[in-house]
Amino acid sequence: MKIRSLYLLSLVAIVLLVLSACGQAATPQVVEKVVTKEVEKVVTKEVEKVVTKEVEKVVTKEVEKIVEVTPEPSAEEVTYDRAETLYTSGKQWGPPTSWNPIQPWAYATGTLGLCYETLFLYDPLTNEYIPWLAESGEWVSDTEYELKVRQGVNWTDGEPLTAADVVFTFELGKLESVYYHSLWNWLESAEQVDDYTVKFTFSEPLYQEWGNLLYSLAIVPKHLWEGRSEEEIASGDNLPPLGTGAYMYETHSEDRMVWVKNENWWAKEQLGLDVAPKRIVDIVNPSNNVALGLILQANLDLSNNFLPGIATLVKGGYGISTWYPEPPYMLSGNTAFLFMNTTKKPMDDPAFRKAMAYAIDVDQIVNVVYGNIVKASDPTGLLPVWSQYVDQDVVDELGFSYDPDMARQILADAGYKDTDGDGFVEAPDGSKIELKVIVPFGWTDWMESIRVVASSAQAVGINLEPDFPDFGGYSDQLYGGTFDMAINNFGSNMSNTPWTFYDWLFRNPITEQMNNGNFGRYDNQEVFDLVVQLDKTPIEDVEGMKAVMSDIQRIQLTDMPAIPLWYNGAWAQWNSTYWTNWPSAEEGAPKYLPITWNGYWNMTGLLMLTELQPASSQ
């Protein structure tokens, strides 16, 4: 793997995806909804009023001093020069309340990527690391990693970024409430060698996690954070945020987040890069229908919402473009799985699970429910960006496809028979089978998808009904292990390594609450050990990674603990009325991810901003 740059822990993995779970009228970004749920548990209407009041005090008193901006009048009352302002939407489903990069599940759009930066960027389209706040990094031995911090980078208050900031950021993980606390189970020390060199020493290096961490962990300023309490560090709102990035906090309101360009951004001089928009205004999502209206009217430039009928929008002369001009229109962003609760009968039977895999008409979901804007998944579930890691021989031997006759045969061979003539099979012990498959109410594409799943199962004699609890009920069943079957994709999104995908799919140990993956509670120590083995394989050792993943795929396709169904889109559609030169598959166009979801700015979304051009200049 080239180093043009590196741990997305499970919590972050859940967040990145953004994202991007399902698409429907009000909640296309499932991952964001998970994050929002946690916030809503503690934020009541009264608390929101208090928070708003406190924010206003901080903004008025401190922002003018530190960020040199005035938040009055409010964002709703300000008219920005349209030729200089980029309007986005798709990530933020509620009023922004946090600018704390140590809260990756809750921070406002752009906190990481626009304001705070990472040591490297990662390009999933080329599988390359791009040196960023770090000039370089290398393993100098099996257990030591040496990092060279870029000189000449300043925080927006003028203080220089040094190795001390990097060490301080990593050592914050020693606090139990900080999300990357488990890093210190295998990191022994982070030592400042000189002003711009850091040496990391590991007791047992986990190369895949480390590679993920280096492009996902926001570096924070020691001189502003070192006096904070653990509570402030882990859960404070951090307003106003002060980073090294291309943008600075300007203001926010209930319906938007406003960033203003940092004219002294280090990359202008050092890398010859400059972001084009003077401001980025991210609009809070009231619904996909509202987002559709805004982008059609050119009041949004970039929407990362799920917008139904995208073929009509692209081909109907509405001025809307997507990554591809033809189906599936979008890049594949994550994998939607049917999880089956292996602690319940008959889902504890691999034969039953395999029959379900053959029974589901995925093409109907792709073609009818989604109208060809998603793609059917590979039997392994690995995203197209990871196609090199698919062992095709294993897939040819053990893979599955829609074949209801095969599903019926597997059931019959395993002893499932319709003994009472009602059209549905009974279990081998003669007991009735009455199952439900769940998705949250209101997530209309997923609701229609599980209707297909249920009807497919019924067609082969499995009594399965769709069920639509509210999101709270869905997550309670999913995490608590009381569901029968459920659709989920929360941790299957793009990253630098398929390890994040497998760590989510085969998360262990099995606990009472499985919040971060392996929702079906599949318990197989052999595959758990293989995921750890993959984590310990250097990211440069592609053949070693392939060998481990081949073994994982053989177990996965033999036992079928969860069924990959389709690749959810990295929803992105844009209007070129005010901004042009968007990244796309078109020849000669920039090849960056046009995504504003958490974790995507540092996967080249930021570089998109350096290539945009005002339409007025054309």
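Structural data are supplied above this passage.
Residues numbered from 1 in each chain as written. Predicted model: local features only at pLDDT ≥ 70, side-chain atom pairs only at ≥ 80, totals over all residues. Heavy atoms only, no water.

Another point: the nonpolar core. Grouped together as the largest cluster of nonpolar side chains are 190 residues, with contacts concentrated most on Phe170, Phe200, Met356 and Leu609. Sequence-distant contacts of Phe200, defined by excluding residues within four places in its chain, comprise Thr143, Glu144, Tyr145, Leu147, Val166, Phe170, Leu187, Ser189, Ala190 and Trp210. (Core = buried A, V, L, I, M, F, W, Y, C linked by side-chain atoms within 4.5 Å. Buried < 20%, exposed > 50% of the residue type's maximum accessible area, 1.4 Å probe, protein only. Contact = heavy atoms within 4.5 Å.)

To continue, consider unusual backbone geometry. For the bond running from Pro327 to Pro328, omega is 10°, close enough to zero to count as cis. With respect to the helices and strands, Pro328 occurs in the loop between strand S12 (320-321) and strand S13 (332-340). Here the phi dihedral of Tyr329 falls at roughly 70°; this positive angle occurs in a residue that is not glycine. Relative to the assigned elements, Tyr329 resides in the loop between S12 and S13. Assessed through its relative accessible area of 2%, Tyr329 is described here as buried. The phi dihedral of Thr604 is positive, around 80°, even though this residue is not glycine. Within the secondary structure layout, Thr604 lies in helix H20 (residues 601-611). Of the residues examined, Thr604 reaches a relative accessible area of 0% and is grouped as buried. (Helix = DSSP H or I, 4+ residues; strand = E, 2+ residues; numbered from the N terminus.)

Taken as a whole, the second largest cavity spans an internal volume of roughly 50 Å³. Lining the second largest cavity are Phe339, Met340, Thr342, Leu505, Phe506, Asn518, Gly520, Arg521, Tyr522, Pro561 and Ala562. Residues belonging to the lining of the second largest cavity are distributed by class as follows: seven nonpolar, three polar and one charged. (1 Å grid on protein atoms, 1.4 Å probe; cavity = no way out; pocket = protein on both sides within 12 Å on 5 of 7 lines; lining within 4 Å. Points joined across faces, edges and corners; volume = space filled by probe spheres on them. Nonpolar A, V, L, I, M, F, W, Y, C, P; charged D, E, K, R; others polar.)

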